[in-house]
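Chain and residue survey
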Amino acid sequence: MVGNRTAIWLALALWAGAMLLSCLSLTAEPTGDGFTRGLNRVAGFIGWQLPAAVLALFLWLSSRPLRKGEVLRWLARVPGWWAVALLVLIGTWMAVGLIGD
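Residues numbered from 1 in each chain as written. Predicted model: local features only at pLDDT ≥ 70, side-chain atom pairs only at ≥ 80, totals over all residues. Heavy atoms only, no water.

1. Overview of the overall build of the chain
Helix and strand counts for the chain stand at 3 helices and 0 strands. Tracing the chain from N to C terminus, the helices and strands come up as α-α-α. Principal-axis analysis of the C-alpha atoms gives the chain an extent of 55 × 30 × 15 Å. Out of the 101 residues in the chain, the part that is buried amounts to 28%. A sequence separation of at least 24 residues applies to 57% of the contacts in the chain between residues at least 6 apart. (Helix = DSSP H or I, 4+ residues; strand = E, 2+ residues; numbered from the N terminus. Buried < 20%, exposed > 50% of the residue type's maximum accessible area, 1.4 Å probe, protein only. Contact = heavy atoms within 4.5 Å.)

2. Focus: the packing of aromatic side chains
Per the stated rule, a full pass over the model turns up 2 aromatic pairs. A ring pair is formed by Trp-60 and Trp-81, whose centres lie 6.1 Å apart and whose planes are at 80 degrees; its orientation type is edge-to-face. Note that Trp-60 is positioned in helix α2 (residues 39–62) and Trp-81 in helix α3 (residues 71–99), a separation of 21 residues in sequence. When the centroid spacing of 6.2 Å and the interplanar angle of 65 degrees are considered together, the rings of Trp-74 and Trp-81 count as edge-to-face. Cluster of aromatic residues (ring-pair linked, three or more members): Trp-60, Trp-74 and Trp-81. If you follow Arg-77 out to its NZ or CZ, it ends over the ring of Trp-60, 4.3 Å from the centre. (Phe/Tyr/Trp six-rings, centres within 6.5 Å; stacked < 30°, edge-to-face > 60°. Lys NZ or Arg CZ within 6 Å of the ring centre and 35° of its normal.)

3. Side note on the layout of surface pockets
Volume-wise, the largest pocket comes out at about 230 Å³. Contributing to the lining of the largest pocket are 15 residues, with Gln-49, Ala-53, Ala-83, Leu-86 and Leu-87 lying nearest its centre. When residues of the lining of the largest pocket are traced back to their parent elements, those giving at least two are α1 (2–25), α2 and α3. For the lining of the largest pocket, the leading source of residues is α2, giving 7 residues. By residue class, the composition of the lining of the largest pocket is 14 nonpolar, 1 polar and no charged. (1 Å grid on protein atoms, 1.4 Å probe; cavity = no way out; pocket = protein on both sides within 12 Å on 5 of 7 lines; lining within 4 Å. Points joined across faces, edges and corners; volume = space filled by probe spheres on them. Nonpolar A, V, L, I, M, F, W, Y, C, P; charged D, E, K, R; others polar.)

Structure (structure tokens):
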């Protein structure tokens, strides 16, 4: 079980790094002209969100053997909840944009 705990902590650190790089990619200088201007920032954001989502899935599955109520189990589930919240937020934003006109 010690190896599992170490893997969870390492994956949590990697997930936090991927999230940080994802947010930092939004601050990049926009490139391109016209409609595609700034698309590099969106591509960078999504490019770092994909590995973060894979790590979130790994964390969720690897936390299953831990005891219920344990802090590490709860921490390992946070990335999964974060990914679902991000999907709901983006989906809502798109729905409001489509309906709002």
